Amino acid sequence: MATLELGIDADVAAGSVGRPRRLGSLFWMAIGWMTFVFAAAALVSLLPIPSPTDMDMLERRAPMSALHWLGTDGLGRDELARLIYGARISLTVGICAPVIGITIGGAFGMLAGYFRGRFETLVVGSMDVLLAFPPLILALAVTAYLGQSILNLTCILGVLGIPAFMRVARAATLSLARREFVIAAQALGATHARILLRELLPNVFLPLLAFFLLGVAVTIVVEGALSFLGLGVPPPTPSWGSMIGEGRESLEIAPRLAFIPAITMFLTVLSFNLVGDTLRVFTDPRQGAL
Amino acid sequence: MTGPALLSVENVAVDLPTPRGNLRAVDQVDLSIGAGQTLGIVGESGCGKTMLSRAILQLLPKKARLSGRVMFDGQDLVALGPEPLRKLRGRSLAVVFQDPMTSLNPVLTIGTQLIETLQEHLELDGATARKRSVELLAAVGIPAPEQRLLQYPHQLSGGMRQRVAIAIALSCEPKLLIADEPTTALDVTIQAQILDLLAREQRRRHMAMILITHDLGVVAGRTDEVAVMYAGRIVERAPTPVLFRQMRMPYTAALLAAIPKIDAVPHTPLPAIGGRPPDPTRPVQGCSFSPRCRYAAGECYRTKPALAGAESCDHQYACFHPLASATGFRA
Amino acid sequence: MTGDIQPSGSRDPLLKVENLVVEYVVGGNTIHAVSDVSLHIARGETLGLVGESGCGKSTLGRAVLQLRQAVSGRVLFDGHDLTAMQGDALRRMRRRVQLIFQDPIASLNPRRRIGEIVAEPLVIAGVKDAKRRRQLVGDVLSAVGLDPGLVVGRLPHEFSGGQCQRVCIARALVLNPEFIICDEPVSALDVSIRAQILNLLEEMKARYGLTLLFIAHDLAVVKAVSDRVAVMYLGRLCEVGPSAQLFARPAHPYTALLIEAIPVPDPEVRPAESVPVGEPPSPIAPPSGCRFRTRCPRADRQCADQAPELREVVPQQFVACHHPLIAAG
């Protein structure tokens, strides 16, 4: 087993492990789009854009003009304003919900993978129960009971995401906790807390982060779907999903009302996916020779 | 070497493109082996011995480029098409790898793997193949062979699995067996048994064998000829008794000296070879061993020595200052 | 007293293992990894622990450090019972006992820099001053033959196996421990690097005044660095004695078998046609009595009925066998 002297393994040597030397142009375009959307959402109050809730009944479904850059919707509200404010909602829910998932799910996953035994069985079992709930029904039930609001929506989507993060964290921890550097830390007298935070977390963090970005993409779509069905963000707050839903009625007259938010959502979700995927591939450290 | 060569490797080189540049895994290797003989290839990790065995089998990674000829039984394997090659492998040319856990398919039973090989190459029907498999397992020393046919690799110990791998390799009566570190992953008592098994089967079938290892002890008593590899090249080659009697290449001598011996006195410092094994992606100008060689001087740093034998063509070495010779140093 | 070997010298042993039993359950089966093992190591001594895979030597090493729960038995380090310690007291003890592993690259956290890794023991031990830590880390890295300036800021994957093992040794030495358990430290390294690391270990032992428990499966390697050697088979000790003496005249048939099986790099020595002694039995259901009896040419009824205890057959050499190769005299 004298195989540890070389830093090269035949597969790596043959270039089959494709570590991109430079981040591709697609990656940068995705970053560009994300930056644009974030900036617009953050700075919208500073921009000369009309309010998204001001209805102008005389200008319903108006085409694109200097006054309304993307026209108006069925109730005379400025489309561009609604789009940007909708971005705020999508991004807020899209990011905050997975944050709940990654912190709670990630923590439970790491603890389960590290301590094993009964605790692990308990955690995995409860997560399985949570996964068994039909997510849409659960969301419906919660919003029916507690009322529709952004906070409720974020919480329920966050909770629904916990099992997935738990699994990713647990899988990563399981494969690492057996490795000798963890035993070495134990042999040095490190406390469990120290091992979890200093040894395991830096290694588990990156797979979790890549999964987080994918989770953001999924959450944006789910929020969009719920809003499309009228179960997400309550009107008159704009959301891409509800805009698509409202645009359904105007498909023959003004198809842009449905397509513009749809395309924006598509591009945003795609960008998150691309960035998440690239980061995952790019930052995976070599696990040592062979 | 008596008789015509069964396998003749002529000026073979293997190049691998890597992100860091071209990697010369095997550099101008010439080898030959006749029927019934055993050739030992000795080297540490990264010396290219595994790549060489893959080159002989024509099983290199897709991006690798092979140059030179590999003449097996009169045919040039490099020029052979995929279908004739496939028929040759497993039938006339067999391999045993280091780790039997990964060289056996974990989801197929032992019986399936053995019978499959027999049916494919020898076109035996099911019943005959099964009977033959039982005979083979018994021949390699596995007790209760009928029960074993139904078992999966993970149910057997490492030594048993390696015996099964050998049985599969020998099933079609190959002319040449390449054993790539067959006992490195096994305990020393099992290692001895496996090596004896290989020797016994080889004698019985008059089979040629290439034994690849990093352990000079393994080749000492069990091979006819030894080739020592370093940084992709053969640096010394001789019939086994000749090599151990007088090693000419300083690397070979240093390698032997660095092995702890069972009859040594405890706490004697071992004559270690300084430095690290060469990095194939950063080839050294001149002799690859020169950064670590005690005797390196002048020309060693500039040109690569060619493999040649001064006294006899039997014993060849690639060194400008071979040990204990007219131009060399005392070991 | 059976199973209890008194040291021949007058110094108290630094480490004393008494009747240690370690078992663990895997998928419903109990693996008897270590069964009633007692040994001692004197201060400044290197005890080699040798045996094939599955004999329990690694488990024993981990159990000594309390990284594995023992079912019964005691481990006394400098008079303190490690098995009875918990929490902080045990953590403080750990600074005096360190461990080096087989796979040097897996022993280092792939995401942390070498400097941090070697400084970690100091941080855990409470050395607050960063400058002092850097100083100590630099000293110990130089001691193991690495240039601190070049090494401290890099990640493990940038180094070879031999260099990583040096880093592991440095990490083990930084707290100035008294006792180091080396668990197959050179098995995964190339032949030419093995000698370097073995020499380094001997050098460090002399320099830091260490006591070593050297666990390996390669007898020649063990003999090269050990003062005394213990041979283990399937969870039990077969033979214990001074290195040179034990290998020159082994008393236990298993030791003799191991020595005979070693491939000797000398073509004049024809390898003895190995006696087909079969496979080692499983540690889940070890044979009754003497565990080696299924592969021993000298086994008889007594060996199946009664497990042999370690007895002194020759001064300082102890063997657990009813029919040892050297008759007790």
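Criteria and thresholds
Residues numbered from 1 in each chain as written. Chains lettered and ligands numbered in written order. Predicted model: local features only at pLDDT ≥ 70, side-chain atom pairs only at ≥ 80, totals over all residues. Contact = placed C-beta atoms within 7 Å. Helix = DSSP H or I, 4+ residues; strand = E, 2+ residues; numbered from the N terminus. Pairing = 2+ DSSP bridges. Axes fitted to C-alpha atoms, helices over the stretch in contact; angles between N-to-C directions. Buried ≥ 20, exposed ≤ 12 C-beta atoms within 10 Å, placed from the backbone. Core = buried A, V, L, I, M, F, W, Y, C linked by C-beta atoms within 7 Å. Left-handed = near helix turned anticlockwise from the far one by under 90°. Nonpolar A, V, L, I, M, F, W, Y, C, P; charged D, E, K, R; others polar. pLDDT = per-residue confidence, 0-100.

## Focus on the interface of chain C and chain A
- Every contact between the two is made by 31 residues of chain C and, on the other side, 24 residues of chain A.
- Elements supplying a minimum of two residues to the side of chain C that touches chain A: α2 (87-94), β6 (97-100), α3 (114-125), α6 (161-173) and α7 (191-208) of chain C.
- Looking at the side of chain C that touches chain A element by element, the count peaks at three residues for α3(C).

## With respect to the pairing of strand β11 (residues 311-314) of chain C
- Examined bridge by bridge, β11(C) and strand β12 (residues 317-319) of chain C share three bridges and lie antiparallel to one another. Bridging across to β12(C), C:Glu312 finds its partner in C:Phe318.

## Remarks on the sheet that holds strand β4 (residues 72-77) of chain C
Residues and elements named next belong to chain C.
- Taken together, four strands build an open sheet; the order of strands is β2-β1-β4-β5 and the sheet is antiparallel. Looking along the sheet, the strands with just one partner apiece sit at the ends: β2 (29-42) and β5 (80-81).
- Of the strand pairs in this sheet, strand β1 (residues 13-26) and β2 are connected by ten bridges, and their pairing is antiparallel. Within β2, the residue paired with glutamate 23 across the bridge is histidine 32.
- Its contacts with the sheet place helix α1 (residues 57-64) against β1, β2 and β4, and it is angled at close to 65 degrees to β2.

## Observations concerning the environment of C:Ala130
Residue and element names in this part refer to chain C.
- With respect to the helices, strands and loops of the structure, alanine 130 is situated in helix α4 (residues 130-143).
- Assessed through the 11 C-beta atoms surrounding it within 10 Å, alanine 130 is described here as exposed.
- Sequence spacing of alanine 130 and alanine 195 is 65 residues, and the spatial spacing of their C-alpha atoms is 35 Å.

## Considering the sheet that holds strand β9 (residues 228-233) of chain C
All names here are of chain C.
- Pairing is mixed in the open sheet, where eight strands are placed in the order β6-β7-β8-β3-β9-β10-β12-β11. With partners counted over all chains shown, the strands left at the sheet margins are β6 and β11, one partner each. Across this sheet, the average inter-strand angle for adjacent strands is 20 degrees, counted without regard to direction.
- Each of β6 and β7 (179-183) is contacted by α6, which is oriented at about 175 degrees to β6, the strand it contacts most.

## Regarding the nonpolar core
- Counting 208 residues, the largest nonpolar core has B:Val228, C:Val118 and C:Leu237 as the members making the most contacts within it.
- It is helix α7 (residues 158-170) of chain B that provides the largest number of residues to this core, a total of eight residues.
- In this structure C:Leu237 touches C:Val37, C:Leu39, C:Ala230, C:Val231, C:Met232, C:Leu310 and C:Ala320, once residues within four positions along its chain are discounted.
- Among the nonpolar cores identified, the runner-up in size contains 47 residues, and A:Ala30, A:Phe165, A:Phe211 and A:Phe272 belong to it.

## Notes on the packing of helix α3 (residues 79-115) of chain A against helix α8 (residues 192-228) of chain A
Residue and element names in this part refer to chain A.
- Closest axis-to-axis distance for the α3/α8 pair is 8 Å, and the angle between their directions is 145 degrees. Both α3 and α8 take part in a crossing whose hand is right-handed. Residue-level inspection shows Ser90, Val93, Gly94, Ile95, Ala97, Pro98, Gly101, Ile102, Gly106, Met110 and Tyr114 of α3 in contact with α8, the latter providing Leu196, Leu200, Val204, Leu208, Phe212, Gly215, Val216, Thr219, Ile220, Glu223 and Gly224.
- In the contact of α3 with α8, the residues fall into 14 nonpolar, seven polar and one charged.

## As for the interface of chain B and chain C
- Each partner contributes residues to the interface: chain B has 41 residues there, and chain C has 41 residues.
- If you list the elements that add at least two residues to the side of chain B that touches chain C, you get α7, α8 (188-205), α9 (216-220), α10 (240-245) and α11 (250-258) of chain B.
- It is α8(B) that provides the largest number of residues to the side of chain B that touches chain C, a total of six residues.
- The residue makeup of the side of chain B that touches chain C, split by class, is 22 nonpolar, twelve polar and seven charged.

## As for the environment of A:Pro50
Residue and element names in this part refer to chain A.
- Checked against the element boundaries, proline 50 lands in the loop between α2 (25-43) and α3.
- Residues proline 50 and tryptophan 240, spaced 190 residues apart in sequence, show a C-alpha to C-alpha distance of 18 Å.
- In contact with proline 50, other than residues within four places in its own chain, are Asp78 and Ala81.

## Some thoughts on unusual backbone geometry
- One non-glycine residue, B:Gln58, adopts positive backbone phi at about 60 degrees.
- As for its position among the elements, B:Gln58 is in the loop between α1 (49-57) and β4 (65-72).
- Despite not being glycine, C:Leu234 shows a phi value in the positive range, around 50 degrees.
- Mapping C:Leu234 onto the fold places it in the loop between β9 and β10 (236-242).
- Looking at C:Leu234, the number of C-beta atoms within 10 Å reads 25, which means it is buried.

## Structural notes on the environment of A:Gly245
All names here are of chain A.
- Along the chain, glycine 245 turns up in helix α9 (residues 240-247).
- Separated by 163 residues in sequence, glycine 245 and arginine 82 place their C-alpha atoms 13 Å apart.
- Setting aside chain neighbours within four positions, we find glycine 245 in contact with Ser227, Phe228 and Gly230.

## Remarks on the confidence of the model for chain C
Residue and element names in this part refer to chain C.
- Confidence along chain C averages 87 in pLDDT terms, with 94% of residues attaining 70 or more.
- Across chain C, the secondary-structure element scoring lowest on mean pLDDT is α2, at 85, and the one scoring highest is strand β3 (residues 46-50), at 95.
- In this model residues 1-10 is a low-confidence stretch, pLDDT under 50, and it forms 17 contacts with partners more than four residues away in sequence or in other chains.
- Per the prediction output, this complex has pTM 0.82; the corresponding ipTM is 0.83.

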